[in-house]
Amino acid sequence: MSAIPWAVVAFLLTSAAHAQTRTLALYAEKPSGMDSFTFQSLREELRRLLAPADVDFKWKEADQRYPGEHFDLAIVGSFDGSCAFGDSSSRGNVSLAPAGSLAHTEITGGRILPFFRVDCSGLSEMLEPALQRYQGWTRHTMAGRAVARVIAHEIYHILAKSVDHHDSGIAKPCFSLHDLTRDAFAFDLRSLAEMRPVQKPGRSGSGADAVDEASGR
Ligand SMILES: [Zn+2]
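This section reports on the structure supplied with the text. These figures come from a predicted structure and were not determined experimentally.

Here we take up the pairing of strand S3 (residues 73–80). Along S3, the buried face is formed by Leu 73, Ile 75, Gly 77 and Phe 79; none of Ala 74, Val 76, Ser 78 and Asp 80, which line the opposite face, is buried. By the bridge criterion, four bridges tie strand S1 (residues 22–27) to S3 in an arrangement that is parallel. Looking at S3, one finds that Leu 26 is bridged to Ile 75. Sheet topology places S3 next to strand S6 (residues 111–119); five bridges connect them, and they run parallel. When the bridges of S6 are listed, Val 76 appears paired with Phe 115.

Structure (structure tokens):
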């Protein structure tokens, strides 16, 4: 095939992907003890992480839910322990933590349910040694970023309908302190493809069928 037809195909595929942007409502209260700056950083990072998966994310607290609102996807989140990052009494020494120990997603009868829990106490214990080196906005940004990445990992399992992990990116089975706090960290391309409701390479049938097949893994 010549270069021009390939360019047309690429354009059509890009257009199709953008046409399938889905709205996602994350129903959760503001994490207990979290200051507003960290909460803002959390939501901004989550929005940044999910956008390449064609997901338009909105955080919905109880007083922000309105009759007749429609979202393509809905996930419910909750937070255990205090998310008040900055409590110097929690000083851990964890260099690498399984993502599943910082948060987990409900699985019933082999099905991944759209519910996740985050262990804020464990996350705070892991983060505190790093956060103590920073002050002000940088500290808020890093704390919010870390919580967002743990949440994004669980959202990956829910949207991809998969308990599998990848070697790199947000879908890694374990996060280092560096993964949680560094500037550049995101989903790898395979994770993004799995989270989209489109036909997967090597699979046949409709997009919906492909997603359903993934749930059997
Ligand atoms: Zn996981």
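So much for the structure itself; the text now carries on.
Taken as a whole and judged by the stated rule, the model has one disulfide. Each sulfur of the disulfide joining Cys 83 and Cys 120 lies 1.7 Å from the other. The chirality of the disulfide connecting Cys 83 with Cys 120 is right-handed, given an S-S dihedral of about 90°. Of this pair, Cys 83 sits in the loop between S3 and strand S4 (96–98) while Cys 120 sits in helix H4 (residues 120–131), placing them 37 residues apart in sequence.

Tetrahedral coordination by four donors places them ideally at 109.5 degrees to one another around the metal; octahedral coordination by six donors ideally gives 90 or 180 degrees. For the zinc ion, every protein donor is listed as His 153 (NE2), His 157 (NE2) and His 165 (NE2), and the spread of their distances is 2.0 to 2.1 Å. All donors of the zinc ion belong to a single chain; written as a sequence motif, their spacing is H-x3-H-x7-H. One end of the pair is His 153 and the other is His 157, both in helix H5 (residues 136–160) and four residues apart, which spans about a single turn. For the pair His 153 and His 157, one class covers both residues: buried.

Okay, the pairing of S1 next. With six bridges joining them, S1 and strand S2 (residues 55–60) adopt parallel strand pairing. The partner of Ala 25 across the bridge, within S2, is Lys 58. Since S1 and S2 lie parallel, the crossover through helix H2 (residues 36–50) that links them has a hand, and here it is right-handed.

Our focus in this paragraph is the pattern of salt bridges. Taken as a whole and judged by the stated rule, the model has eleven salt bridges. Among the salt bridges present, the one from Arg 139 reaches Glu 128, with a minimum N-O distance of 2.9 Å. Separated by eleven residues along the polypeptide, Arg 139 in helix H5 and Glu 128 in helix H4 bring together distant segments of the chain. In this pair, the class of Arg 139 matches that of Glu 128, namely buried. Among the charged side chains, a salt-bridge network with shared partners connects Glu 45, Arg 48 and Arg 149.

Attention now moves to the packing of aromatic side chains. Counted by the stated rule, this structure contains five aromatic pairs. Consider the rings of Trp 59 and Phe 79, whose centres lie 6.0 Å apart with planes at 15°: the pair is stacked. Placement of the pair is Trp 59 in strand S2 and Phe 79 in strand S3, with a sequence separation of 20 residues. The burial state of Trp 59 is the same as that of Phe 79; both residues are buried. Measuring from centroid to centroid gives 5.8 Å for Phe 175 and Phe 185, while their planes differ by 85°, and the two rings are edge-to-face. Note that Phe 175 is positioned in strand S7 (residues 174–176) and Phe 185 in the loop between helix H6 (177–181) and helix H7 (189–195), a separation of ten residues in sequence. Judged on exposure class, the residue Phe 175 and its partner Phe 185 are both buried. Taken together, Phe 39, Trp 59, Phe 79 and Phe 116 form an aromatic cluster joined through their ring pairs. Here Arg 43 stacks its cationic end above the ring of Phe 39, 4.0 Å away from the centre of that ring.

Cut-off values and rules
- Residues numbered from 1 in each chain as written.
- Predicted model: local features only at pLDDT ≥ 70, side-chain atom pairs only at ≥ 80, totals over all residues.
- Heavy atoms only, no water.
- Buried < 20%, exposed > 50% of the residue type's maximum accessible area, 1.4 Å probe, protein only.
- Helix = DSSP H or I, 4+ residues; strand = E, 2+ residues; numbered from the N terminus.
- Pairing = 2+ DSSP bridges.
- Disulfide = S-S within 2.5 Å.
- Donors = N, O, S within 2.8 Å, 3.2 Å for Na, K, Ca; no water.
- Right-handed = clockwise from strand over helix to strand, strands pointing away.
- Salt bridge = Lys/Arg side-chain N within 4 Å of Asp/Glu carboxyl O.
- Phe/Tyr/Trp six-rings, centres within 6.5 Å; stacked < 30°, edge-to-face > 60°.
- Lys NZ or Arg CZ within 6 Å of the ring centre and 35° of its normal.

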